[in-house]
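Residue-level listing of the chains:
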Amino acid sequence: MSLIHLATPEIWFVCGSQHLYGPGPLKQVAANAQAVVDGLVASKRLALPLKFKALLVDADQIAKVCVEANSDANCAGLVLWMHTFSPSKMWIRGLTTLKKPFLHLHTQFNRDLPWSSIDMDFMNLNQAAHGDREAGFIHTRLRLGRKVVVGHWSDAEVQDRISAWMRAARAWHDWQGAKFVRFGDNMRYVAVTEGDKVASEIKFGFEVNGYGVGDLVAQVNAISDKTVTGLVADYEKLYAVSAELKKGGKRHEELRYSARLELGLSAFLESVGAKGYTDTFEDLHGLRQLPGMATQRLMAAGYGFGGEGDWKTAALVRAMKVMGDGLPGGTSFMEDYTYHLAPGGHQVLG
């Protein structure tokens, strides 16, 4: 099942050099950078599309690409590689304006040195060891958060590490402008579900807004009986439904109401473009039961969820779902309740 509201952005590959080397070597540098990108893409190990964006040789070019990355909604981040020596003061203006995540790939075009023919021309063209160290210095001096991957670009472990970072960048991209709904407030007197929603939007880019439970009740009540009956039929195809919940059973109406809750919740979240939500049992206001099964099924569709008003967990569950998209297993919300502390091994029962 594909996650609801999930985009597939691209990552830009940027190669650094400088004018000192002249047009001939720079043409070769650009061709090598394109070959690296082609090789990474051909590996089929990357989580997102990778595009060779530019060979950058001066501060104005670097700043321009960083501004373009900020304004391109389809760009989730940058991979930076210094094929030759790229004086890193050129990068200060661009990197201090860059708002997208970036990965520093400390690699080299050729894997092995040509020991029998190596000369200074080769050394000048293939001095990523020099350029990437210079880049690493300025990234550290500027206190920039980034991922660093070291090794040859053809190595499967290097490719997997790049891909893992891409998954994190995709989750960050998914958060930008995302909306998380709070039905009612958080559980009264609880500390861990509190938080600064303004600070979170400033820092992480997603909105958290409250909606009255009565608005949800109206949406739930508006669902037609025919639509409810259709979803209940789906339940009976997918799950082992106990006799008392089936049609004619004494608790059949509870199953129907659970279906009604799912349909109403789904419609409400879709209407505001939300990627996750929270609720609390202390604020039902007209709901006849908590949306337990509805929440499990909505999480399966890709929505983030946090219990008892915990909007931070709702956002994190969504991020984990995005990072894990396409991988075995899945991500869901649960609460830890009690321990088993036997000497042979500790366990948590949720």
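You'll find the structure just up there.
Please give an account of the overall build of the protein that cites residues and values.
Looking only at helices and strands, the protein features 12 helices and 11 strands. Its C-alpha radius of gyration of 26 Å places the protein more than 25% over the 20 Å reference for a compact globule of 350 residues. Here the C-alpha coordinates of the protein stretch approximately 85 × 50 × 40 Å along the principal axes. Classification of the 350 residues of the protein by burial places 45% in the buried group. Put simply, of all contacts in the protein between residues at least 6 apart along the chain, 79% involve residues at least 24 apart.

Tell me what's going on with the pairing of strand β6 (residues 179-183), and back it up with residues and numbers.
Within β6, 4 of the 5 residues are buried, leaving the element largely enclosed by the surrounding structure. Direction of pairing for β6 relative to strand β7 (residues 207-211): parallel, over a ladder of 5 bridges. Bridge pairing in β7 links K179 to E207. A crossover links β6 with its parallel partner β7, the connecting element being helix α7 (residues 197-204), and its sense is right-handed. Of the pairings in the sheet, the one linking β6 to strand β8 (residues 274-279) comprises 4 bridges and is parallel in character. Following the sheet pairing, R182 is matched in β8 by T278.

Describe the packing of helix α10 (residues 252-272) against helix α11 (residues 292-301), listing the residues and the values that go with them.
Two measures define how a pair of helices packs: the angle their axes make with one another and the distance between the axes. Direction vectors running N to C along α10 and α11 enclose 45°, while the axes themselves pass 8 Å from each other. The orientation of α10 with respect to α11, classified from their angle, is oblique. For the pair α10 and α11, the sense of crossing is right-handed. Residues L255, S258, L261, E262, L265, S266 and L269 of α10 form the contact with α11, whose participating residues are M293, A294, R297 and L298. Looking at side-chain class alone, the contact of α10 with α11 contains 7 nonpolar, 2 polar and 2 charged residues.

Residues and numbers for α7, please.
At the N-terminal boundary of α7, the capping side chain belongs to D196, with an oxygen 3.1 Å from the backbone nitrogen of V198. Of the residues one or two after α7, G205 is the one with positive phi, at around 95°.

Any chance you could break down the sheet that holds strand β4 (residues 102-106) for me, citing the residues and the numbers?
In sheet architecture, strand pairing relies on hydrogen bonds along the backbone and comes in two forms, parallel and antiparallel. Read from one edge of the open sheet, 5 strands run β2-β1-β3-β4-β5, paired in parallel fashion. Of all the strands in the sheet, the pair left with one neighbour each is β2 (50-56) and β5 (147-150). Strand-to-strand, the axes of this sheet are offset by a mean angle of 25°, without reference to chain direction. Bridge count for strand β3 (residues 75-82) against β4 is 3 bridges, and the pairing is parallel. Bridged to L78 within β4 is F102. Its contacts with the sheet put helix α5 (residues 128-141) on β3 and β4, and the angle it makes with β4 is roughly 150°. Here helix α6 (residues 156-175) sits on the sheet and contacts β1 (10-16), β2, β3, β4 and β5; the angle it forms with β3, its principal contact strand, is near 145°.

Any details on the packing of α6 against helix α12 (residues 311-323)? Residues and values, ideally.
Where α6 meets α12, the axes come as close as 8 Å, and the angle between the chain directions of the two elements is 135°. The angle between α6 and α12 falls in the class oblique. As α6 runs across α12, the sense of the crossing is right-handed. Counting all contacts with α6, which are made through R167, A168, R170, A171, D174 and W175, the residues of α12 involved are A315, L316, R318, A319, V322 and M323. Class assignment of the residues belonging to the contact of α6 with α12 gives a composition of 8 nonpolar, no polar and 4 charged.

An account of the sheet that holds β8 is requested, with residue identities and associated values reported.
Taken together, 4 strands build an open sheet; the order of strands is β7-β6-β8-β9 and the sheet is parallel. Two strands in the sheet have a free side with no partner beyond their single neighbour: β7 and β9 (304-307). Taken pair by pair, the neighbouring strands of this sheet meet at an average axis angle of 20°, ignoring direction.

Cut-off values and rules
- Residues numbered from 1 in each chain as written.
- Predicted model: local features only at pLDDT ≥ 70, side-chain atom pairs only at ≥ 80, totals over all residues.
- Heavy atoms only, no water.
- Helix = DSSP H or I, 4+ residues; strand = E, 2+ residues; numbered from the N terminus.
- Rg over C-alpha atoms; globule rule 2.2 N^0.38 Å.
- Buried < 20%, exposed > 50% of the residue type's maximum accessible area, 1.4 Å probe, protein only.
- Contact = heavy atoms within 4.5 Å.
- Pairing = 2+ DSSP bridges.
- Right-handed = clockwise from strand over helix to strand, strands pointing away.
- Axes fitted to C-alpha atoms, helices over the stretch in contact; angles between N-to-C directions.
- Parallel < 35°, antiparallel > 145°, perpendicular 65-115°, else oblique.
- Left-handed = near helix turned anticlockwise from the far one by under 90°.
- Nonpolar A, V, L, I, M, F, W, Y, C, P; charged D, E, K, R; others polar.
- Polar contact = N/O pair within 3.5 Å; in protein donor to acceptor, adjacent residues only side chain to side chain.

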